[in-house]
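Notes for the structure review
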Amino acid sequence: MVLASITCSAPVNIAVIKYWGKRDEKLILPLNSSLSGTLHQDDLKTTTTIVASEDYTEDAIWLNGKKEDINATRYQNVLKAIRSRATKLQDKKHCVHIVSINNFPTAAGLASSASGYCCLVYTLAQIYGVDGDISGIARIGSGSACRSMYGGFVKWEMGEKEDGSDSIAVQVQPESHWPEMNIIVLVVNDKKKETSSTDGMQKSAATSPMMKERCAVTVPTRMRDIEEAIKNKDFQTFGDITMKDSDDFHEVCATTTPAIYYLNDTSRYIMNLIHRYNKLSGSVKCAYTFDAGPNACIYLPEENVVEVLSLFIKHFPDQDLSTYYRGPKENVEKIQSYKPNEKLQSLFTPETTFASSLKYILHTKVGPGPQILSESESLIDNNTGLPK
Ligand code: DP6
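Residues numbered from 1 in each chain as written. Predicted model: local features only at pLDDT ≥ 70, side-chain atom pairs only at ≥ 80, totals over all residues. Heavy atoms only, no water.

Where an unreviewed UniProt entry is consulted, the protein appears under the name Diphosphomevalonate decarboxylase, with the organism given as Dictyostelium purpureum. In its Pathway (unreviewed entry) section, UniProt records this for the protein: "Steroid biosynthesis; cholesterol biosynthesis." Regarding the protein, the UniProt comment filed under Catalytic activity (unreviewed entry) reads as follows: "(R)-5-diphosphomevalonate + ATP = isopentenyl diphosphate + ADP + phosphate + CO2". (UniProt positions renumbered as here; feature names shortened; annotations may be inferred.)

Spelled out as structure tokens, the structure:
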């Protein structure tokens, strides 16, 4: 008999102060605090259904249609942590079936572990009636997942306790605070297999001479300043810190032994273009940040959206804007009819254009945290217990 069935969704987040390095590998405790924006789930999200039933003989999980090993350490750690705090189902013999899908292709190279583990933990917490903070449980699945527990701008406090009980996510500002904030993701064409974040940060923590200063001085100062900038909706400071922290993170990777390089020529071209554009404009109009891969995430206020999109489409053209640009339809026409002012003329007449360097351009906003969905959105067939 089915005892409970719940479907939830959870967002992706993009850090502006990067988490890189652990002080405890098992509990996933970081060497520094970090801060991110939560992306809107209309464009990017994980959806997870969990069914608890007396009929199932073992726990099982399917990701994007493929059965995965539920005995993997991180899944087991999360399941144990949730079940130890359960207020429901403890007295009933049962197992759970978990089905999870992303509404964005894994091939997009966008980190799915944050939304994935956040959604898993959030949905489990509903099934088992877990009260209080659950970001600490998402953290033991994947560090950055704890920040997806809330909408808006979210910090992950590194904490100091050995048991990790104070290493949790805290909402800095809700999504309603800065509704003008947009995010453009330039999905870069790249076939290279990258070093995983988990491996990369372990090597950096052990070998990069930059880590000490970064954790002791640079990040604490930036955390304080960027929180203040978000509070004041001060995009100049926000953008400046965001780009500096991304640059430093990639410098830490480059000074790791052996060196780790996540950026490629396209990424570097984008960085350079944004610096030239901001300089010509006389202010920070948009700010890039890059994670453990070549894709550019660009934070920018609403007023600069059409200009920035036009700039990128000029340098990275494509025949069919309707599939290349994934954002509000009304922007397509605005981009096509956009004329740069005198000052920016030179930037809009590129010497070379790079067709097919980008897979596509995704345009979204800062959005809310995890959501409980209706039974009709369930991904599990209750008759078979399998993915629909
Ligand atoms: C570069 O959270 O994927 O995206 O905790 O080992 O699962 P694990 O690592 P993960 O690392 C994310 C690193 C980053 C920066 C960030 O999101 O803060």
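Now that the structure has been shown, the text picks up again.
What to know about the pattern of salt bridges
Counted according to the given criterion, the structure contains 14 salt bridges. Across the pair Lys18 and Asp291 runs a salt bridge, and its minimum N-O distance is 2.6 Å. Linking Lys18 in the loop between strand 2 (13-17) and strand 3 (22-24) with Asp291 in the loop between strand 13 (287-289) and strand 14 (296-301), this pair joins segments that are 273 residues apart in sequence. Residues Asp59 and Arg83 are paired through a salt bridge, measuring 3.0 Å at the closest nitrogen-oxygen approach. Of the two residues, Asp59 is situated in the loop between strand 6 (45-53) and strand 7 (60-63) and Arg83 in helix 1 (residues 73-84); the sequence distance between them amounts to 24 residues. (Salt bridge = Lys/Arg side-chain N within 4 Å of Asp/Glu carboxyl O. Helix = DSSP H or I, 4+ residues; strand = E, 2+ residues; numbered from the N terminus.)

Here we look at the confidence of the model for the protein
Here the protein shows a mean pLDDT of 95. Residues at 70 or above account for 99%. For this predicted complex, the interface confidence reaches an ipTM of 0.99, while the overall pTM sits at 0.96. (pLDDT = per-residue confidence, 0-100.)

Observations regarding the packing of helix 7 (residues 265-281) against helix 8 (residues 305-315)
Between helix 7 and helix 8, whose axes approach to 12 Å, the crossing angle comes to 135°. Viewed along their axes, helix 7 and helix 8 adopt a mutual orientation that is oblique. In this structure, helix 7 meets helix 8 at a crossing whose hand is right-handed. Listed contacts from helix 8 to Tyr269, Ile270, Leu273, Ile274 and Tyr277 of helix 7 are Glu307, Val308, Leu311, Phe312 and His315. Broken down by class, the residue content of the contact of helix 7 with helix 8 amounts to 8 nonpolar, 1 polar and 1 charged. (Axes fitted to C-alpha atoms, helices over the stretch in contact; angles between N-to-C directions. Parallel < 35°, antiparallel > 145°, perpendicular 65-115°, else oblique. Left-handed = near helix turned anticlockwise from the far one by under 90°. Contact = heavy atoms within 4.5 Å. Nonpolar A, V, L, I, M, F, W, Y, C, P; charged D, E, K, R; others polar.)

A closer look at the site of the ligand
Around the ligand sit 18 residues in total, of which Tyr19, Lys22, Arg74, Ser142 and Ser144 are the nearest. Ser144 places a side-chain nitrogen or oxygen 2.7 Å from an oxygen atom of the ligand. Between the ligand and the protein, one listed contact pairs an oxygen atom with a side-chain N or O atom of Arg147 at 2.8 Å. Protein chains bury 94% of the 460 Å² of accessible surface belonging to the ligand in isolation. Split by residue class, the shell around the ligand holds 7 nonpolar, 6 polar and 5 charged. (Near = heavy atom within 4 Å. Polar contact = N/O pair within 3.5 Å; in protein donor to acceptor, adjacent residues only side chain to side chain. Areas by Shrake-Rupley, 256 points an atom, 1.4 Å probe, with all protein chains shown as cover.)

What about helix 4 (residues 197-207)?
Where helix 4 is concerned, the buried positions are Gly200, Met201 and Ser204. Looking straight down helix 4, one finds its buried side chains confined to an arc of 90°; they lie on one side. Buried residues in helix 4 make contact with strand 3, helix 5 (211-231) and helix 6 (235-254). (Buried < 20%, exposed > 50% of the residue type's maximum accessible area, 1.4 Å probe, protein only. Arc of directions from axis to C-beta.)

Some thoughts on the sheet that holds strand 5 (residues 34-38)
Across the sheet, 4 strands lie side by side as 2-5-10-11; this open sheet has antiparallel pairing. Strands with a single pairing partner mark the edges of an open sheet, and in this sheet they are strand 2 and strand 11 (169-173). Taken pair by pair, the neighbouring strands of this sheet meet at an average axis angle of 35°, ignoring direction. Examined bridge by bridge, strand 5 and strand 10 (residues 153-156) share 4 bridges and lie antiparallel to one another. Looking at the pairing, Leu35 lines up with Lys155 of strand 10. Along the sheet face, helix 6 touches strand 2 and strand 10 and points at about 90° away from the line of strand 2. (Pairing = 2+ DSSP bridges.)

Some details on the pairing of strand 6
Burial within strand 6 is extensive, with 8 of its 9 residues counted as buried. With 9 bridges connecting them, strand 1 (residues 2-11) and strand 6 associate as antiparallel partners. Directly across from Thr7, in strand 6, lies its bridge partner Thr49. As defined by bridge partners, strand 6 adjoins strand 9 (residues 95-102) across 8 bridges and the pair is classed as antiparallel. Bridge pairing in strand 9 links Ile50 to Ile98.

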